[in-house]
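Analysis of the macromolecular model
The chain contents come next:
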Amino acid sequence: MDLDLVFLGTSGSVPTAKRGLAGTLLRRGGERILVDCGEGTQRQLLRSSVGLVELPEIFLTHYHADHYLGLPGMLKTFALRGREAPLTVYGPPGLKDLFGILRRVFGRLSYELTLVELGPGDAVGRDDYRIEAFAVEHGVSANGYALVEEPRPGRFDLEAAKGLGVPEGPLFGRLQAGESVQLPDGSTVSPEQVLGPARSGRKIVLAGDTRAAGSVLEAARDAEVLVHEATFSVEERERADETLHATATSAAELAAAAGVRLLALTHLSNRYFGPEIVREARAVFPETVVPKDFDIIDVRFPQRGGPRLVKGGALGRHEEGEPHDKDGSGDPGERPLGGGGDSDDPALRGDPVGARVGRRDASDGAR
Ligand SMILES: [Zn+2]
Ligand SMILES: [Zn+2]
C-alpha cells in the first residue's frame, strides 16, 4: 500500500517566493487527506502532479490564519465546479465558530459540508488505519494528527502450509485473513501455524504548530515520519518559547527521544532558507530533512527501506519521472534519499528563497 506525504507549503506565518503556507497531503492508496490549508494551497495542488482533486477530508491543526485561509477559496472553487461529493472538515474545538464567519465568505456550496470537532484522544477510524488527534502546546485550541495503520498479519509460511497438507488455493487466503480452516482430511489448521508474528503498521505524525511537547513525543513514538515545525533556529530559543514554537534543535531532540525514523522539519520562519535549519537539527538527529514545497516523503515499509525524501516528487513536470509503484518500494536506482536532505547541498543554494526582505520579524512568531 503506497503511503506518502506531499508538501504543498513549508513556510511559517508568511509565504515566501519559494515556500507556500501550511498544507500537507497524505496519500494512502487511493485516499487523499489534506492537513491544513494555508492561503494558496489550491494553487499549489494545481501546480503539483496531484491536481486539485475533490478532497473528501481536510484536517485543520489550529486556526491561525496561515493554516486555514486557503480553505474558503478552495471550498468555493469546488462549488463553482459543481462538486457533489460531500466534504468533511475536521479541526480542534472552535471549528464551528470559525465556519460561522467563513460561510459568509464562501456562500452557498453545491455539496454537503460536515464539520467535526476533534479533541485529543479522538480518532477517525477507517478499515485498516485511523487518524488520531493529540494534544500540542501552541497556546490556542490545536491538534496534532497521527495516521496510524493497523498491524498487518504476519508473513505467510508457504512451506509450513504445504507441510501441514493445506492445498494451494482459497484456503491459503482464508488462513492469511486469520481464519482457521478445515482440510479435506478433516484436520484443522489455525492461522498461527502458518503465519509469522503480526507486523506493525506505519505511523505518520503531523504535529502542526507547537513547541516541543511531551504529548507530541508520546504521539510520535516509533513513528516512521514525524513532521514537526521548526519555526526558529536555536539562537531564537527565547522567541520560540514566547510564541510556543519549536526550534530545529528542540524538534530534533524530541525526534531522537521518540525514536522516529525520519524527521521532516517545516513551517520555517521566512528568515531562514533551510540549510541552517537542517544542519542544526542533524547535529542532534541525523535523520532529518527539510522538505521544500512539492517534495514528497515516500513512507515505505521498514523492510523496503523505510521513509525517504523524493525531491520535487510532486512537481507537475516530474510526474512521469517519479512513478509510485504498487508496493511502495520505489523503483530501483532512484535518487538515494533516506535521511539525506537537500538543504545543505551547496549546489542548491544559489537561489535563496525570497526571504530576508522586509522586516526581519515579519510576523513569524505571531501565529
Ligand atoms: Zn503557523
Ligand atoms: Zn500557529
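Residues numbered from 1 in each chain as written. Chains lettered and ligands numbered in written order. Predicted model: local features only at pLDDT ≥ 70, side-chain atom pairs only at ≥ 80, totals over all residues. Heavy atoms only, no water.

**Observations regarding the coordination of the zinc ion (ligand 2)**
- Protein ligation of the zinc ion (ligand 2) involves H62 (NE2), H64 (ND1), H138 (NE2) and D209 (OD), the donor distances falling in the range 2.1 to 2.3 Å.
- Coordination at the zinc ion (ligand 2) comes from 4 donor atoms whose angles at the metal span 90 to 167°, giving a geometry best classed as irregular.
- For the zinc ion (ligand 2), the donor residues sit on a single chain with the sequence spacing H-x1-H-x73-H-x70-D.
- The metal-metal distance between the zinc ion (ligand 2) and the zinc ion (ligand 1) is 3.5 Å, with D209 serving as a donor to both. Separated by 76 residues along the polypeptide, H62 in the loop between β4 (57-59) and α2 (65-68) and H138 in the loop between β8 (129-135) and β9 (143-149) bring together distant segments of the chain. (Donors = N, O, S within 2.8 Å, 3.2 Å for Na, K, Ca; no water. Tetrahedral: all angles 85-135°; square planar, octahedral: opposite > 155°, others 65-115°. Helix = DSSP H or I, 4+ residues; strand = E, 2+ residues; numbered from the N terminus.)

**Overview of helix α11 (residues 275-284)**
- What α11 keeps buried is the set P275, I277, V278, E280 and A281.
- For α11, the elements touching its buried residues are α10 (248-258), β14 (262-266) and β15 (288-289). (Buried < 20%, exposed > 50% of the residue type's maximum accessible area, 1.4 Å probe, protein only. Contact = heavy atoms within 4.5 Å.)

**Concerning the pairing of strand β3 (residues 31-35)**
- Judged from the 5 bridges that link them, strand β2 (residues 23-28) and β3 form a sheet pairing that is antiparallel. Opposite L25, over in β3, you have L34 as the bridge partner.
- Between the antiparallel neighbours β2 and β3 lie 2 residues, among them G29 with a positive phi of about 55°.
- With 3 bridges connecting them, β3 and β4 associate as parallel partners. Its bridge partner lying in β4, I33 is registered against E57.
- Of the crossover connections in this fold, the one passing from β3 over helix α1 (residues 41-47) to the parallel β4 is right-handed. (Pairing = 2+ DSSP bridges. Right-handed = clockwise from strand over helix to strand, strands pointing away.)

**Concerning the packing of helix α3 (residues 70-80) against helix α4 (residues 95-106)**
- Viewed as axis vectors pointing N to C, α3 and α4 meet at an angle of 50°, and their least axial separation amounts to 9 Å. Judged by the angle between their axes, α3 and α4 are oblique. The two elements α3 and α4 cross, and the hand of that crossing is right-handed. Every residue of α4 that contacts α3 at L71, P72, L75 and K76 is listed here: F99, L102, V105 and F106.
- Taken together, the residues that form the contact of α3 with α4 break down as 7 nonpolar, no polar and 1 charged. (Axes fitted to C-alpha atoms, helices over the stretch in contact; angles between N-to-C directions. Parallel < 35°, antiparallel > 145°, perpendicular 65-115°, else oblique. Left-handed = near helix turned anticlockwise from the far one by under 90°. Nonpolar A, V, L, I, M, F, W, Y, C, P; charged D, E, K, R; others polar.)

**Here we look at unusual backbone geometry**
- Positive phi values are uncommon outside glycine, yet S13 reaches one of about 70°.
- Here S13 lies in the loop between β1 (3-9) and β2.

**Quick look at the sheet that holds β8**
- Judged by pairing direction, the sheet is mixed, and its 7 strands sit side by side in the order β7-β8-β9-β12-β13-β14-β15 without closing on themselves. Each edge of the sheet is formed by a strand with only one pairing partner; in this case those strands are β7 (123-125) and β15.
- Pairing geometry for β14 and β15, over 2 bridges, is parallel. Of the residues in β15, the one forming a bridge with L263 is T288.

**Topic: the confidence of the model for the chain**
- In the predicted model, the chain carries a mean pLDDT of 88, and 86% of its residues have values of at least 70.
- Low pLDDT, under 50, characterises residues 318-366; the stretch is placed with 112 contacts to residues that sit more than four places away or in other chains. (pLDDT = per-residue confidence, 0-100.)

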